[in-house]
Amino acid sequence: MGSTEDSHTTGTGRPTSRDVARLAGVSHTAVSFVFNGRADGNLSLATQERIRQAAAQLGYRPDPVARGLRRRRTAVIGLITDEIASSPFAGRLLRGAMETAWDSEHLVLTVDSGGDAAKEDAAVAELLDRRVDGIIYAAMSLRRVRVPEGLHRTHSVLANCLPEDNSLPAVIPAERAGGRTAARLLLEQGHQRIALVGGLDDIASVERLRGFRDALRAEGITVPKEWVVRTGGEISSGYEGAARLFDGAAVDRRPTGIFCYNDRVAAGVLHAATRLGIAVPDDLSVVGYDDQEHMAAFLAPPLTTIALPHRAMGEAATRLLLDAIDTGRTPPTATRRIACPVISRASVGPAPTP
């Protein structure tokens, strides 16, 4: 007795490759050539088109399981992350990964570990048992991570995080370049008195501050120590930082531009400016970071910010993984940095004249 593909139709009436061959008036082998990527050089373009039209008319799709078994692949990649459910950026990274995978005829199986190391190890084991073609491990905030047990047993790439042992390739934002870009936005508008508010000692904070200092140093500007105000990453942190900068300071002794660690901090700075009667952007220009969905565009004024490239990271990590799967070669353990684009809105304007 033949296989499902050899019979006329499946038990559910699903059309088979033999149905397509019969309708197109070609051999079963010709249909196999078209759907296994071997048609060029074996079939004329007209015959290929006739087969595709017959397949479309019947609603035929190749059996991915059978095709995967022939290629010793499942056409599925795993994606493990620490906080899919709670991060405002998770959807962007997931969409980038899923759409890139789909374009290469792969599905993405996602697992949310909640940041639990034991769950991460178990998730890797489960994905390996399901014979996924490779795994992406993603973090929703940039940091160094412990590589989950078992991740080295398949093709693996990290997204938005760095391995503690430098053993795997990683795709992360170009944070230092983003800090330079933010400072240049203010410098290009004639601002000379520029402060930085927010952040702590995490990788993103350190790299953004380095880039900020790079850009100002290139223009011969020294930032007063008290104008780098490390208050944290929340709205209250921005309010507190702005209050420190402006409380009791004469107009000609206070900054005219502020680069904020993130958009939440920027929201606090804008709130403080309103309370103090400081007009944005006429008296003060503010640049955020992250382009946080449902927030940055709805502040008053709408916030000019540096976007975190979560979607692009998802796309790049998936392409890197798929290339390793296709070639069978482990990608180099280098770190790939993705540019952080400017999102221009209304919170930056020319420096006020004395």
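Because the structure is predicted, anything quoted here is derived from the model rather than measured.

## Observations concerning the confidence of the model for the protein chain
In step 1: Per-residue confidence for the protein chain gives a mean pLDDT of 90, with 93% of residues at or over 70.
In step 2: Counting interchain partners and residues more than four positions distant, the pLDDT-below-50 stretch residues 1-11 has 15 contacts.

## With respect to the packing of helix H1 (residues 17-24) against helix H3 (residues 45-58)
In step 1: Direction vectors running N to C along H1 and H3 enclose 120 degrees, while the axes themselves pass 9 Å from each other. One finds that H1 runs oblique with respect to H3. When you trace H1 past H3, the crossing you get is right-handed. From H1, Asp19, Val20, Leu23 and Ala24 reach across to H3, where they touch Arg50, Ile51, Ala54, Ala55, Gln57 and Leu58.

## Examining the environment of serine 104
In step 1: Relative to the helices and strands, serine 104 resides in the loop between helix H5 (90-103) and strand S2 (107-112).
In step 2: Classification of serine 104 by relative accessible area gives partly exposed; the value is 37%.
In step 3: For the pair formed by serine 104 and leucine 322, sequence separation is 218 residues and the distance between their alpha carbons is 8.1 Å.

## Notes on the nonpolar core
In step 1: One finds Phe212, Leu216, Leu245, Ile258, Val269, Leu284 and Val286 to be the most contacted residues of the largest nonpolar core, which totals 44 residues.
In step 2: At the level of elements, helix H7 (175-187), strand S8 (194-197), helix H8 (203-218), strand S9 (228-229), helix H9 (235-246), strand S10 (257-260), helix H10 (263-276) and strand S11 (285-290) are the ones that each hand at least two residues to this core.
In step 3: Per-element accounting of this core gives the leading share, seven residues, to H10.
In step 4: Beyond its immediate sequence surroundings of up to four residues, valine 269 is in contact with Val197, Gly238, Tyr239, Ala242, Ile258, Cys260, Leu284 and Val286.
In step 5: Among the nonpolar cores identified, the runner-up in size contains 22 residues, and Leu79, Leu94, Met140 and Val157 belong to it.

## As for the packing of H7 against H8
In step 1: Remark: H7 packs on H8, axes separated minimally by 6 Å, with the N-to-C direction vectors making an angle of 45 degrees. By the criterion of interaxial angle, the relationship of H7 to H8 is oblique. Where H7 crosses over H8, the handedness of that crossing is right-handed. Residue-level inspection shows Glu175, Arg176, Gly179, Arg180, Ala183, Arg184 and Leu187 of H7 in contact with H8, the latter providing Ala204, Glu207, Arg208, Arg210, Gly211, Phe212, Asp214, Ala215 and Leu216.
In step 2: Broken down by class, the residue content of the contact of H7 with H8 amounts to six nonpolar, two polar and eight charged.

## As for the sheet that holds strand S1 (residues 76-81)
In step 1: Pairing is parallel across the open sheet formed by six strands, whose spatial order is S2-S1-S3-S5-S7-S13. Among the strands making up the open sheet, the edge pair consists of S2 and strand S13 (335-338). The mean inter-strand angle of the sheet, taken between neighbouring strand axes irrespective of direction, is 20 degrees.
In step 2: Taken together, the five bridges between strand S3 (residues 134-138) and strand S5 (residues 155-159) define a ladder with parallel strand orientation. When the bridges of S5 are listed, tyrosine 137 appears paired with leucine 158.

Rules used in this analysis
- Residues numbered from 1 in each chain as written.
- Predicted model: local features only at pLDDT ≥ 70, side-chain atom pairs only at ≥ 80, totals over all residues.
- Heavy atoms only, no water.
- pLDDT = per-residue confidence, 0-100.
- Contact = heavy atoms within 4.5 Å.
- Axes fitted to C-alpha atoms, helices over the stretch in contact; angles between N-to-C directions.
- Helix = DSSP H or I, 4+ residues; strand = E, 2+ residues; numbered from the N terminus.
- Parallel < 35°, antiparallel > 145°, perpendicular 65-115°, else oblique.
- Left-handed = near helix turned anticlockwise from the far one by under 90°.
- Buried < 20%, exposed > 50% of the residue type's maximum accessible area, 1.4 Å probe, protein only.
- Core = buried A, V, L, I, M, F, W, Y, C linked by side-chain atoms within 4.5 Å.
- Nonpolar A, V, L, I, M, F, W, Y, C, P; charged D, E, K, R; others polar.
- Pairing = 2+ DSSP bridges.

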